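# Overview (structure and organization)
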2 protein chains.
Amino acid sequence: MYKVKVYVTLRENVLDPQGNAVKGALHSLSYHEVQDVRIGKFMELTLAKSDRDIDELVKDMCEKLLANTVIEDYRYDIEEVVVQ
Amino acid sequence: MYKVKVYVTLRENVLDPQGNAVKGALHSLSYHEVQDVRIGKFMELTLAKSDRDIDELVKDMCEKLLANTVIEDYRYDIEEVVVQ
């Protein structure tokens, strides 16, 4: 079994209105230290073992569904879990 | 300057309809290895230095705005960046 963590973030040159809204809200709560906020997605997947290569499988899933590669970047960590 | 990464995830006993939808979509794309998907948020904040303690500041922001602690857990990493 594998536990996979996928991080999807907006590319650097893409505007992030949600992040700007959060920044504004933090400023209005007097957190004036905040200079920038970028919001992305964090996904935790549990995968069963199969014949397919796990790294390729996760990359495939990211490219096809989990991330929109036109405007988003992704990275992932794969951790193998031994079920006892 | 600090770069702070905040991870907000749904608590374990809270249903995740968005995660279930993604799981269904992955299955329909023939990724039958996928057993579970949980979706959370990933936020990257840039903070200026101030008199306030950075750890307390971030915790405060999470409790007050970034996470809904009734249904969500959060964790964060703080990295100090030296501007040259």
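Structure: see above.
Residues numbered from 1 in each chain as written. Chains lettered and ligands numbered in written order. Predicted model: local features only at pLDDT ≥ 70, side-chain atom pairs only at ≥ 80, totals over all residues. Heavy atoms only, no water.

## Digging into the side chain of Glu33(A)
Turning to its location among the elements, Glu33(A) is positioned in the loop between helix 1 (17-28) and strand 2 (34-47). Its relative accessible area of 8% is what places Glu33(A) among the buried residues. Within the structure, the side chain of Glu33(A) is placed 2.7 Å from the side chain of Ser50(B), a separation counted as a polar contact. Among residues more than four places away in sequence, those in contact with Glu33(A) are Thr46(B), Leu47(B), Ala48(B), Ser50(B), Arg52(B) and Leu57(B). (Helix = DSSP H or I, 4+ residues; strand = E, 2+ residues; numbered from the N terminus. Buried < 20%, exposed > 50% of the residue type's maximum accessible area, 1.4 Å probe, protein only. Polar contact = N/O pair within 3.5 Å; in protein donor to acceptor, adjacent residues only side chain to side chain. Contact = heavy atoms within 4.5 Å.)

## So, the sheet that holds strand 3 (residues 72-80) of chain B
In space, the six strands of this open sheet follow the order 3(A)-1(A)-2(A)-2(B)-1(B)-3(B), with antiparallel pairing throughout. Bordering the open sheet on either side are strand 3 (72-80) of chain A together with strand 3 of chain B, each of which pairs with just one other strand. Within this sheet the neighbouring strands show an average axis-to-axis angle of 20°, counted without direction. Against the sheet, helix 1 of chain A engages strand 2 of chain A together with strand 2 (34-47) of chain B, with an angle of about 125° to strand 2 of chain A. Sitting on the sheet, helix 2 (residues 54-66) of chain B touches strand 2 of chain A together with strand 1 (2-10), strand 2 and strand 3 of chain B, and the angle it makes with strand 3 of chain B is about 150°. (Pairing = 2+ DSSP bridges. Axes fitted to C-alpha atoms, helices over the stretch in contact; angles between N-to-C directions.)

## Focus on helix 2 (residues 54-66) of chain A
Counted at 1.5 Å a residue, the expected span for helix 2 of chain A with its 13 residues is 18 Å, but the 16 Å between its end C-alpha atoms falls short. Those residues of helix 2 of chain A not exposed but buried are Ile54(A), Leu57(A), Val58(A), Met61(A), Cys62(A) and Leu66(A). Around the axis of helix 2 of chain A, the buried residues are gathered within 135° of arc, so they sit on the same side. Of the residues in helix 2 of chain A, the exposed ones pointing more than 90 degrees away from the buried face are Glu56(A) and Lys64(A). Elements in contact with the buried residues of helix 2 of chain A: strand 1 (2-10), strand 2 and strand 3 of chain A together with helix 1 (17-28) and strand 2 of chain B. (Expected span 1.5 Å × (residues − 1). Arc of directions from axis to C-beta.)

## Quick word on the packing of helix 1 of chain A against helix 2 of chain B
As a packed pair, helix 1 of chain A and helix 2 of chain B sit with axes 11 Å apart at the nearest point and diverge in direction by 110°. What the angle tells us is that helix 1 of chain A and helix 2 of chain B run roughly perpendicular. Where helix 1 of chain A crosses over helix 2 of chain B, the handedness of that crossing is right-handed. Where helix 1 of chain A approaches helix 2 of chain B, its residues Val22(A), Ala25(A) and Leu26(A) are matched on the opposing element by Met61(B), Leu65(B) and Leu66(B). Residues belonging to the contact of helix 1 of chain A with helix 2 of chain B are distributed by class as follows: six nonpolar, no polar and no charged. (Parallel < 35°, antiparallel > 145°, perpendicular 65-115°, else oblique. Left-handed = near helix turned anticlockwise from the far one by under 90°. Nonpolar A, V, L, I, M, F, W, Y, C, P; charged D, E, K, R; others polar.)

## Brief notes about the relation of the copies chain A and chain B
Least-squares fitting of chain A to chain B yields an RMSD of 0.0 Å, with the superposition described by an axial translation of 0.0 Å and a rotation of 180°. The symmetry that links the two subunits is that of a two-fold axis. Of the C-alpha atoms belonging to chain A, the one lying closest to the rotation axis is found on Lys41(A), 2.3 Å away. Mapped onto chain B, 100% of the interface residues of chain A again fall at the interface, so both copies present the same surface. (Least-squares fit on C-alpha atoms with pLDDT ≥ 70 in both.)

## Some details on the pairing of strand 1 of chain B
All names here are of chain B. As paired strands, strand 1 and strand 2 are joined by seven bridges and run antiparallel to one another. Of the residues in strand 2, the one forming a bridge with Val4 is Leu45. Across nine bridges, the pairing between strand 1 and strand 3 is antiparallel. Note on strand 3: the bridge partner recorded for Val6 is Tyr76.

## A closer look at the pairing of strand 2 of chain A
Along strand 2 of chain A, ten of the 14 residues are buried, which leaves the element largely enclosed by surrounding structure. In this structure, strand 2 of chain A lies alongside strand 2 of chain B, joined through 13 bridges in antiparallel fashion. Within strand 2 of chain B, the residue paired with Met43(A) across the bridge is Ile39(B).

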